[in-house]
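What the coordinates show
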Amino acid sequence: NLDLLISDLAGETFPTAVASREFCADLRALARADHLVCFLDSARLTDPVQRHPECDNALAFLQRVRSVKHQPELLQVQVVFSRWDYITRHPERTAQEEFCDIIKTDFTTRFAESFAGLGFWRIAARPDGGLQPTNSEIQLLFSHWLETPLYPVQTPAARNRQPVRDFSAFGIV
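Topologically, arginine 51 is positioned in helix 5 (residues 51-68). Of the side chains with opposite charge, glutamate 92 comes closest to the buried, unpaired arginine 51, at an N-O distance of 7.4 Å. Not counting the four nearest positions on each side in its chain, arginine 51 is found in contact with Arg44, Leu45, Thr46, Gln96 and Phe99.

To continue, consider a nonpolar patch on the surface. Among the surface-exposed residues, Ile6, Phe142 and Leu146 lie close enough to one another that they form a single nonpolar patch of about 260 Å² accessible area. Turning to its location among the elements, leucine 146 is positioned in helix 8 (residues 134-147).

A side chain of one charge can pair with a side chain of the opposite charge when the charged atoms of the two come close. Per the counting criterion, the structure on display carries six salt bridges. Notably, a salt bridge pairs glutamate 54 with arginine 44, separated by 2.7 Å at the nearest N-O pair. Here glutamate 54 is found in helix 5, whereas its partner arginine 44 is found in helix 4 (residues 42-45), with ten residues between them in sequence. Assessed through its relative accessible area of 12%, glutamate 54 is described here as buried.

Okay, the packing of helix 5 against helix 7 (residues 93-111) next. Contact geometry for helix 5 and helix 7: axes closest at 12 Å, N-to-C directions at 20°. In terms of orientation, helix 5 and helix 7 fall into the roughly parallel class. As helix 5 runs across helix 7, the sense of the crossing is right-handed. Packed against helix 5, whose contacting residues are Arg51, His52, Cys55, Ala58, Leu59, Leu62, Gln63 and Arg66, the element helix 7 presents Gln96, Phe99, Ile103, Asp106, Phe107, Arg110 and Phe111 at the interface.

Non-glycine residue glutamine 71 carries a positive phi angle of around 55°. Along the chain, glutamine 71 turns up in the loop between helix 5 and strand 2 (76-82). According to the relative accessible area criterion, glutamine 71 is partly exposed, its value standing at 37%. For arginine 83, which is not glycine, the phi dihedral falls at a positive 55°. Considering the arrangement of structural elements, one finds arginine 83 in the loop between strand 2 and helix 6 (85-88).

Here we take up the confidence of the model for the protein chain. On average, residues of the protein chain carry a pLDDT of 81, and 77% of them reach 70 or more. Every residue in residues 167-173 is under pLDDT 50, and counting partners more than four places away or in other chains gives twelve contacts.

Within the open sheet, the three strands sit side by side as 1-2-3. Their pairing is parallel. Both edges of this open sheet fall to strand 1 (35-41) and strand 3 (117-123), since each of them pairs with a single strand only. Averaged over all adjacent pairs, the angle separating strand axes in this sheet is 20°, with direction ignored. This element, helix 5, spans strand 1 and strand 2 of the sheet and lies at about 165° to strand 1. Sheet strands touched by helix 7: strand 1, strand 2 and strand 3. Its angle to strand 3, the strand with the most contacts, is close to 165°.

What counts and how
Residues numbered from 1 in each chain as written. Predicted model: local features only at pLDDT ≥ 70, side-chain atom pairs only at ≥ 80, totals over all residues. Heavy atoms only, no water. Helix = DSSP H or I, 4+ residues; strand = E, 2+ residues; numbered from the N terminus. Buried < 20%, exposed > 50% of the residue type's maximum accessible area, 1.4 Å probe, protein only. Lys, Arg positive; Asp, Glu negative; His and termini not counted. Salt bridge = Lys/Arg side-chain N within 4 Å of Asp/Glu carboxyl O. Contact = heavy atoms within 4.5 Å. Patch = residues over 30% accessible without salt bridge, like charges linked within 9 Å, V, L, I, M, F, W, Y side chains within 5 Å. Areas by Shrake-Rupley, 256 points an atom, 1.4 Å probe, with all protein chains shown as cover. Axes fitted to C-alpha atoms, helices over the stretch in contact; angles between N-to-C directions. Parallel < 35°, antiparallel > 145°, perpendicular 65-115°, else oblique. Left-handed = near helix turned anticlockwise from the far one by under 90°. pLDDT = per-residue confidence, 0-100. Pairing = 2+ DSSP bridges.

Okay, here's the thing in C-alpha cells:
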C-alpha cells in the first residue's frame, strides 16, 4: 500500500521558507516527505542577471531543509532543471549546458552526503519534435517517487506493561 501526496510550496512562500528556519521547520509536508523536488528555472539560468539568485535560492533552500528535516539522510532529493527548452534553444547552448553541469557538480559536492539520494532531471516546457526527453523524464521521475525504496521501517517495540518510568514502556529509555 502506497500513500502519495504531491504538495506544492507556493512561489510566494518560498522566500520565507529560505529565510526563516522556524517557518521551514513548521512545514508539515516537508516534515513527512520522503522525496523533495527542487526546481531550477532554466529561463532564469540563461539570464546573466537572474542565474546566480536562482542558484543561491535553491542552495539556501536545500541547506535549510538539511538543517530542519529530521533525518535528512533519509530524504530523496531531485533537482529539476525546468523549462529545459530555454537551454536547448539558446544561441550559446553549449555554454548554458556547461553552466548547468557546474550547478550539478556544486549541488552534488554540497549535498550528496546529506540526503539519501540526489538526482538531476531536465524537463522541457515546450519540447521540439521528440528532441527533448520531457515525457520520458517525467515518467522516470514519477517512477522514481513510487519505486525508490524508503528507509526501513522499524518494527514497533513490544510494550513493557510494568516499566520503571512511563516513557520507557516502549523501550525508549
